[in-house]
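Coordinates in review
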Amino acid sequence: MKILLTGGTGFIGSRLVKHLQFSHELTILSRNPIRAYQKLGHNLLAIPSLKDLNNLNEYDAVINLAGEPIANKRWTEQQKKRICDSRWALTERLVELFEQSEQAPETFISGSAIGYYGEQGQQALDETSIIEDDSFPHQVCKTWEQIALKAANEHTRVCVLRTGVVIGIEGGALAKMLPAFRLGLGGPVADGQQQMSWIHISDMVDAIIFLLNNQQCHGAYNLTSPNPVTNQQFSQALSKQLKRPCLFRAPAWVLNTAMGEMASLITGGQKVLPKRLSGEGFNFRYKELDHAFKEILLRR
Ligand code: NDP
């Protein structure tokens with residue numbers, strides 16, 4: 001298959017490239033193609049922008065993972081605009097190219113996140129849950145999904161990835177948490193009862209490949225393990241695996257003061273279940289958090 005991939009240099013994208021690069025022909029959209037070659041190797045093509053493309057006739061599939069990191073900087077109005085523009089404008093441009101193609105790619109897989117569900121406490125959520133929410137993550141994801149779904153027609157199927165907290169050593173939330181937990185300074189946040197819907201990086205990549213290969217898949221999919229946990233359970237499991245105490249607790253007000261609105265990513269959460277992936281035959285390798293942590297932390 002000939003695949004156009006955006007975000008291929010990122011945490012998830014670079015793992016995906018490792019799995020796809022010898023069996024498929026990959027073109028990576030990267031703002032820095034030289035860095036992309038250095039990171040990913042030379043047996044792929046890296047392009048700096050979509051400006052020179054008039055259509056997507058030569059591609060069989062597009063996978064769209066690019067976007068300004070959501071949890072790196074405080075959510076000022078300017079940063080919110082960067083988070084939105086980097087996703088919405090790029091996805092709009094891809095949809096435009098789909099529309100300009102005589103032979104459009106048959107598959108469009110595009111990012112989203114479980115932030116789509118907003119904060120729903122302990123309520124179990126699946127792809128059919130109806131959400132009315134005015135939080136920033138919901139607004140980002142809702143519009144991002146709506147734009148991507150415009151590419152859907154009788155020729156092109158669109159899958160959107162409502163991605164949970166991806167855990168792996170090379171990036172994402174776990175990489176940020178590990179230094180404190182390794183020092184025995186980690187612990188739950190706020191009352192620790194907020195839900196964390198996590199997914200192992202290997203299952204994340206396998207699920208994207210499952211959606212790529214299964215022609216009947218379309219629409220929104222939750223990419224989360226079947227066993228979400230509370231923030232407290234997550235912290236305890238990580239501390240146990242590292243053989244460190246789990247004594248500290250970060251009060252919500254400290255995070256709210258330090259991070260502003262962005263603290264809601266940690267002090268809030270959602271209990272999301274992968275109803276569609278499980279129902280359509282995807283097998284998770286890492287269903288339990290202890291097993292996932294063991295693989296990630298012992299593999300090194
Ligand atoms: P990363 O932040 O690791 O990588 C995203 C890639 O997007 C980067 O490698 C970069 O590529 C490109 N990018 C970054 N900023 C911008 C920008 N301002 N404009 C255009 N492109 C930009 O993301 P992940 O791999 O962790 O995640 C992939 C997608 O999945 C993201 O959209 C993310 O929001 C979503 N997601 C991830 C979760 C996670 O736990 N990791 C959870 C939920 C959703 P380059 O520098 O080469 O251009």
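Computed from a predicted structure; not experimentally measured.

1. A few points about the site of the ligand
Around the ligand, 22 residues are found, and the nearest of them are T9, F11, I12, S30 and R87. Between the ligand and the protein, one listed contact pairs an oxygen atom with a side-chain N or O atom of T9 at 2.6 Å. A distance of 2.9 Å separates a nitrogen atom of the ligand from a polar side-chain atom of E68. In isolation the ligand has 880 Å² of accessible area, and contact with the protein removes 81% of it. Those elements that provide at least two residues to the shell around the ligand are α1 (11-20), α3 (77-99), β5 (107-113) and β8 (165-167).

2. Quick word on the packing of α1 against helix α6 (residues 201-213)
Put simply, α1 and α6 touch, their axes get as near as 10 Å, and they point 60° apart. On the basis of their axis angle, the class for α1 and α6 is oblique. As α1 runs across α6, the sense of the crossing is right-handed. Residues F11, I12, R15, L16, H19 and L20 of α1 form the contact with α6, whose participating residues are I201, S202, M204, V205, I208, I209 and L212.

3. Re unusual backbone geometry
Glycine aside, the phi torsion of most residues is negative, and most peptide linkages are trans. Phi is positive for A190, close to 55°, though the residue is something other than glycine. A positive phi is found at K243, a non-glycine position, where the angle reads about 55°.

4. A look at the environment of G186
With respect to the element layout, G186 can be found in the loop between α5 (172-182) and β9 (195-196). Every residue in contact with G186, bar those within four places of it in the chain, is listed here: A180, F181, P245, C246, L247 and F248.

5. Let's talk about the UniProt feature "domain: DUF1731" (unreviewed entry) in the protein
The feature "domain: DUF1731" (unreviewed entry), as annotated in UniProt, sits at residues 250-296 in this numbering. Note that residues 250-296 is 53% helix and 4% strand, and that its end C-alpha atoms are spaced 25 Å apart.

6. Brief notes about the nonpolar core
In this structure, L16, I63, I208, L211, L223 and L277 are the most contacted members of the largest nonpolar core, which totals 34 residues. Secondary structure elements with two or more residues in this core: β1 (2-6), α1, β2 (25-29), β4 (61-64), β7 (157-163), α6 and β11 (219-223). For L223, the contacting residues outside a window of four places in its chain are L161, R162, T163, G164, I199, M204, A207, I208 and L277. Membership of the second largest hydrophobic core comes to 22 residues, among which are L50, V62, F108 and V158.

7. Things to note about the UniProt feature "domain: NAD-dependent epimerase/dehydratase" (unreviewed entry) in the protein
Sequence positions flagged by UniProt for "domain: NAD-dependent epimerase/dehydratase" (unreviewed entry) are, in local numbering, residues 3-223. The span residues 3-223 is 36% helical and 20% strand by assignment, and the distance between its end C-alpha atoms comes to 21 Å.

8. Observations concerning the sheet that holds β1
Within a sheet, neighbouring strands are paired by backbone hydrogen bonds and run either parallel or antiparallel to one another. Reading across the sheet, the seven strands line up as β3-β2-β1-β4-β5-β7-β11 and stay open at both edges, with parallel pairing between neighbours. In this open sheet, the two strands that pair with only one neighbour each are β3 (45-47) and β11. Strand-to-strand twist across the sheet, computed as the mean angle between neighbouring axes with direction ignored, equals 20°. Docked against the sheet, helix α2 (residues 33-40) engages β2 and β3, running at close to 150° with respect to β3. Sheet contacts for helix α4 (residues 136-149): β4, β5 and β7; angle to β5, the most-contacted strand, approximately 175°.

Each value, and the rule that gives it
- Residues numbered from 1 in each chain as written.
- Predicted model: local features only at pLDDT ≥ 70, side-chain atom pairs only at ≥ 80, totals over all residues.
- Heavy atoms only, no water.
- Near = heavy atom within 4 Å.
- Polar contact = N/O pair within 3.5 Å; in protein donor to acceptor, adjacent residues only side chain to side chain.
- Areas by Shrake-Rupley, 256 points an atom, 1.4 Å probe, with all protein chains shown as cover.
- Helix = DSSP H or I, 4+ residues; strand = E, 2+ residues; numbered from the N terminus.
- Axes fitted to C-alpha atoms, helices over the stretch in contact; angles between N-to-C directions.
- Parallel < 35°, antiparallel > 145°, perpendicular 65-115°, else oblique.
- Left-handed = near helix turned anticlockwise from the far one by under 90°.
- Contact = heavy atoms within 4.5 Å.
- UniProt positions renumbered as here; feature names shortened; annotations may be inferred.
- Core = buried A, V, L, I, M, F, W, Y, C linked by side-chain atoms within 4.5 Å.
- Buried < 20%, exposed > 50% of the residue type's maximum accessible area, 1.4 Å probe, protein only.
- Pairing = 2+ DSSP bridges.

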